[in-house]
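Residues per chain, in single letters:
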Amino acid sequence: MIVCLHIPKTGGTSFNFILENNFGFRNCHTNQNDRSTFTQADLDFARKCYPSLRSIVGHNLVDPAQLTVPEPFFMTILREPVARVISHYQYSVQRGHNKKTFEETLRISENLENLQVK
């Protein structure tokens, strides 16, 4: 099973689209539960909904190695950090979620500081 931790603004949405096109109902996007962490209980529920589950992908796979997954293939996509931060900022401004300057956003946003490392 493919287990993909999606870091925002690294191409994960495109990769999830590829998984959905290849696996259909055998792919589960973990952010559908609106929780900050996808747990073993969430995985057990997903397996009931998707009996032939082949892949899971999402932002909230905080510790995917703790999940009981048959033959796991763990992966994540990384991006050059400065380009990722700029893209994240631009996305938040375009969506209307952020009215602050880039400098102000850098000072207050934990999502921009070392997110790929965390």
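The residue numbering used here restarts from 1 in each chain and proceeds along that chain's sequence as written. Per-residue local features are limited, in this predicted model, to residues with pLDDT of at least 70; the limit for side-chain atom pairs, both in listing and counting, is 80 or more; totals at the level of whole chains, interfaces and linings are taken over all residues. The basis for the side-chain values is all heavy atoms of the structure; hydrogens and waters are excluded.

1. Re the nonpolar core
With twelve residues, the main nonpolar core is built from Met-1, Val-3, Cys-28, Phe-38, Leu-43, Ala-46, Tyr-50, Leu-53, Ile-56, Leu-61, Leu-67 and Val-69. With residues near it in sequence (within four places) discarded, Tyr-50 still touches Phe-25, Asn-27, Cys-28 and Gln-32. Listed in part, the six residues of the second largest apolar core include Cys-4, Phe-15, Leu-19 and Phe-23. The term nonpolar core refers to a set of buried residues drawn from Ala, Val, Leu, Ile, Met, Phe, Trp, Tyr and Cys, joined through side-chain atoms within 4.5 Å. With a 1.4 Å probe rolled over the protein chains alone, any residue whose accessible area is under 20% of its type maximum counts as buried; one over 50% counts as exposed, and the rest are partly exposed. Contacts were defined at the residue level, with two residues in contact if any of their heavy atoms lie within 4.5 Å.

2. Quick word on the sheet that holds strand E2 (residues 27–29)
In space, the four strands of this open sheet follow the order E2-E3-E1-E4, with parallel pairing throughout. Strands at the two margins of the open sheet, each flanked by one partner only, are E2 and strand E4 (73–76). Neighbour-to-neighbour, the strand axes of the sheet open up by a mean angle of 15°, direction not taken into account. By definition, two strands form a pair when at least two bridges between them are found by DSSP. Put simply, DSSP marks the helices as runs of H or I at least four residues long and the strands as runs of E at least two long, and each gets a number from the N terminus on. As paired elements, E2 and strand E3 (residues 55–58) share three bridges and run parallel to each other. Across the sheet, Cys-28 pairs through a bridge with Ile-56, a residue of E3. Lines are fitted to the C-alpha atoms to define the axes, a helix being fitted only along its stretch in contact, and any angle between axes, read from their N-to-C directions, falls within 0 to 180 degrees. Against the sheet, helix H1 (residues 12–23) engages strand E1 (2–5), E2, E3 and E4, with an angle of about 145° to E2.

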